[in-house]
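# Overview (structure and organization)
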Amino acid sequence: MNTLTGTRLGAYLVLAWFAASRRRELARPLLREQLRHQVFNAGVSALPVIGVMAILTGVTAVTQLTALVGADSDLTQRMLFLGLFFELAPLLSALVVVARSSAGIASELAVMNLHDEFTTLRRLGVPAADYLLLPRIFGLIIALPAVTACFQVFAIGSGWLATAVLEGRPLAETAGRFLDLADPWLALASLLKSALMGAAVGIIACHHGSSGKGSTQAISGAAIQAVGTGLIAVFVVDVLFAVLVYALR
Amino acid sequence: MSGDFHATIDARRLSLFDGRELRLALSLDEGGRHRLVVPEAATARQVVMALERCAGVGVLAEDGGLLGAMTVAENFSLALRYDSEPGDSRDWERDLETALQLCGLPAERLNTLGREQPMNLDRMERWAVGFARCLLRPPELLVIDRAFAGLARRQADALIAVEAAFHQRNPFRPVLFIDLDSHELPTLPDCRTLVDLTELAETPCHC
């Protein structure tokens, strides 16, 4: 057990276990306030970037698919669903959140560590781990699926418009075909994938921010570690889900 | 001095040990000021860490113990609101203003203080805010950690005058000053105990 917890993966698992076991503390008014704040920072404030990315990605995907496979709308819609809706939307949303939030969380916690504010919180009678880490981890678990859902809506909407323009079909027909071909379980799975990505990114950022040495160099180090490892974790979760979907089919 | 400090509370008496040697014994029910002089900052940190492991011991750091990312009002209310119920309608801002008045801050400063960040306050103001928190939520034993380090005599006298408010409101709760050994250490009026770890001797207070 010491060997496990001594590794970085072990530390992430310990923090994940801590978050799961202490989740009921989020019922406290102050922690709920912090959670709302984190969801806003990680999710709502990312929507402009997500919206633009999603629209451009949807149009690009449809034009490329049409150029590749021709005007077969059913194939285009099926590939839109699997490639864009299920695969790219959670992945790109997670990458945006890693770039925006992961470094911010890690550096914020590292600065607090530098100024010994964890001790200050403890002296105030406020559990530092509950107050600082739980809202950030669960904030990303909530925000990332919501951001992904927005990405999917914008991307698919722009994809339908592009299909309607390129193939000259009515928009309602295009949308109807997409919804006929869409698998609701895969749609739910994409949100679950996003939630797991959010958990991974939050846990990694919180670990690196709170565990570094109290020095100014540790601040940048924490941010770099959080972003780098967060990116890897996002792709690991993505691959695991891809393998799972393949195995279940 | 071994540097292995640990503290225990038994029958309402706090005992601070250095290894196996008893260095300080305080009653938690007799109030008053007490002083522990240490030779260096590392020793002060060890002593504070040992003391704060005991239930009911509160520590007031030299910088007031404020969180940099919050305003003064948020800092003040954090500890008070953490355990509050959702429907608690207590007016924390009014409590802050009352406590800060007790700390001797001028009225015109009180209007703006709550909205400021700790980094924009001077040292005495930061300490006063931290002390105001202790006034409203007094611990069984208040440990004031190196409050006089780097202060001018006038500021030290003002700090002692402000600290008197704690004894007026809580006459049976003791305050322990932990100070670094210095030739400019201000005199503590009515100090009941002086323990000087630099000399490893416990003497009746002549301060």
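Whatever comes next refers back to the structure up there.
Now for a quick tour of the structure. (Residues numbered from 1 in each chain as written. Chains lettered and ligands numbered in written order. Predicted model: local features only at pLDDT ≥ 70, side-chain atom pairs only at ≥ 80, totals over all residues. Heavy atoms only, no water.)

## Thoughts on the pairing of strand E4 (residues 33-38) of chain B
Residue and element names in this part refer to chain B. The buried fraction of E4 amounts to 6 of the 6 residues, a majority that puts the element mostly inside the structure. Covered by surrounding structure in E4 are Arg33, Arg35 and Val37 together with His34, Leu36 and Val38, the residues of both alternating faces. Note that E4 and strand E8 (residues 191-196) share 5 bridges and pair parallel. Across the sheet, residue Arg33 finds its bridge partner in E8, namely Cys191. (Buried < 20%, exposed > 50% of the residue type's maximum accessible area, 1.4 Å probe, protein only. Helix = DSSP H or I, 4+ residues; strand = E, 2+ residues; numbered from the N terminus. Pairing = 2+ DSSP bridges.)

## Some points on the packing of helix H2 (residues 72-82) of chain B against helix H3 (residues 92-102) of chain B
Residue and element names in this part refer to chain B. Their axes nearest at 10 Å, the elements H2 and H3 cross at an angle of 110 degrees. Viewed along their axes, H2 and H3 adopt a mutual orientation that is roughly perpendicular. For the pair H2 and H3, contact is made by Val72, Ala73, Phe76, Ser77, Leu80 and Arg81 and by Trp92, Glu93, Asp95, Leu96 and Ala99, respectively. Tallied by class, residues from the contact of H2 with H3 come to 7 nonpolar, 1 polar and 3 charged. (Axes fitted to C-alpha atoms, helices over the stretch in contact; angles between N-to-C directions. Parallel < 35°, antiparallel > 145°, perpendicular 65-115°, else oblique. Contact = heavy atoms within 4.5 Å. Nonpolar A, V, L, I, M, F, W, Y, C, P; charged D, E, K, R; others polar.)

## A short note on the pattern of salt bridges
Summed over all chains, the structure comprises 15 salt bridges over all chains. In this structure, Arg122 of chain A engages Glu52 of chain B in a salt bridge whose closest nitrogen and oxygen atoms are separated by 3.5 Å. Of this pair, Arg122 of chain A sits in helix H6 (residues 117-123) while Glu52 of chain B sits in helix H1 (residues 41-52), each in a different chain. With a relative accessible area of 46%, Arg122 of chain A lands in the partly exposed category. Residue classification places Glu52 of chain B among the buried residues on the basis of a relative accessible area of 15%. (Salt bridge = Lys/Arg side-chain N within 4 Å of Asp/Glu carboxyl O.)

## Overview of the nonpolar core
Leu109, Leu121, Tyr131 and Leu132 of chain A together with Leu78 of chain B are the most contacted members of the largest nonpolar core, which has 50 residues in total. Put simply, the parts of the chain that give this core at least two residues each are helix H2 (8-21), helix H3 (29-42), helix H5 (73-114), H6, helix H7 (128-167), helix H9 (184-211) and helix H10 (216-248) of chain A together with H2 of chain B. With residues near it in sequence (within four places) discarded, Leu132 of chain A still touches Leu109, Met112, Phe118 and Leu121 of chain A. Among the nonpolar cores identified, the runner-up in size contains 38 residues, and Ala73, Phe76, Leu113 and Ala165 of chain B belong to it. (Core = buried A, V, L, I, M, F, W, Y, C linked by side-chain atoms within 4.5 Å.)

## A closer look at the sheet that holds strand E2 (residues 13-18) of chain B
All names here are of chain B. Read across the open sheet, the 3 strands follow the order E1-E2-E3; overall the sheet is antiparallel. The open sheet has two edge strands with one neighbour each: strand E1 (5-10) and strand E3 (21-27). Looking at each pair of strands side by side, their axes are set apart by 20 degrees on average, direction ignored. The pairing of E1 with E2 spans 6 bridges and is classified as antiparallel.

## Concerning the packing of aromatic side chains
Residue and element names in this part refer to chain B. Summed over the entire model, instances satisfying the criterion amount to 4 aromatic pairs over all chains. Residues Trp127 and Phe131 carry aromatic rings whose centres are separated by 5.1 Å and whose planes lie at 10 degrees to one another, so their mutual orientation is stacked. You can see Trp127 and its partner Phe131 sitting in helix H5 (residues 123-136), 4 residues apart, about one turn around the helix. The interplanar angle of 50 degrees and the centroid separation of 6.5 Å between the aromatic rings of Phe131 and Phe166 together place this pair among those described as tilted. Here the residue Phe131 occupies a position in helix H5, and Phe166 occupies one in helix H6 (residues 153-169), the gap between them amounting to 35 residues. (Phe/Tyr/Trp six-rings, centres within 6.5 Å; stacked < 30°, edge-to-face > 60°.)

## Topic: the environment of Ala41 of chain B
Residues and elements named next belong to chain B. Tracing the sequence through the fold places Ala41 in helix H1. Take Ala41: its relative accessible area is 27%, and that puts it in the partly exposed class. Measuring from C-alpha to C-alpha, the distance between Ala41 and Asp181 comes to 9.6 Å, with 140 residues separating the pair along the chain. Ignoring sequence-local partners within four residues, the contact set of Ala41 consists of Arg146 and Leu180.

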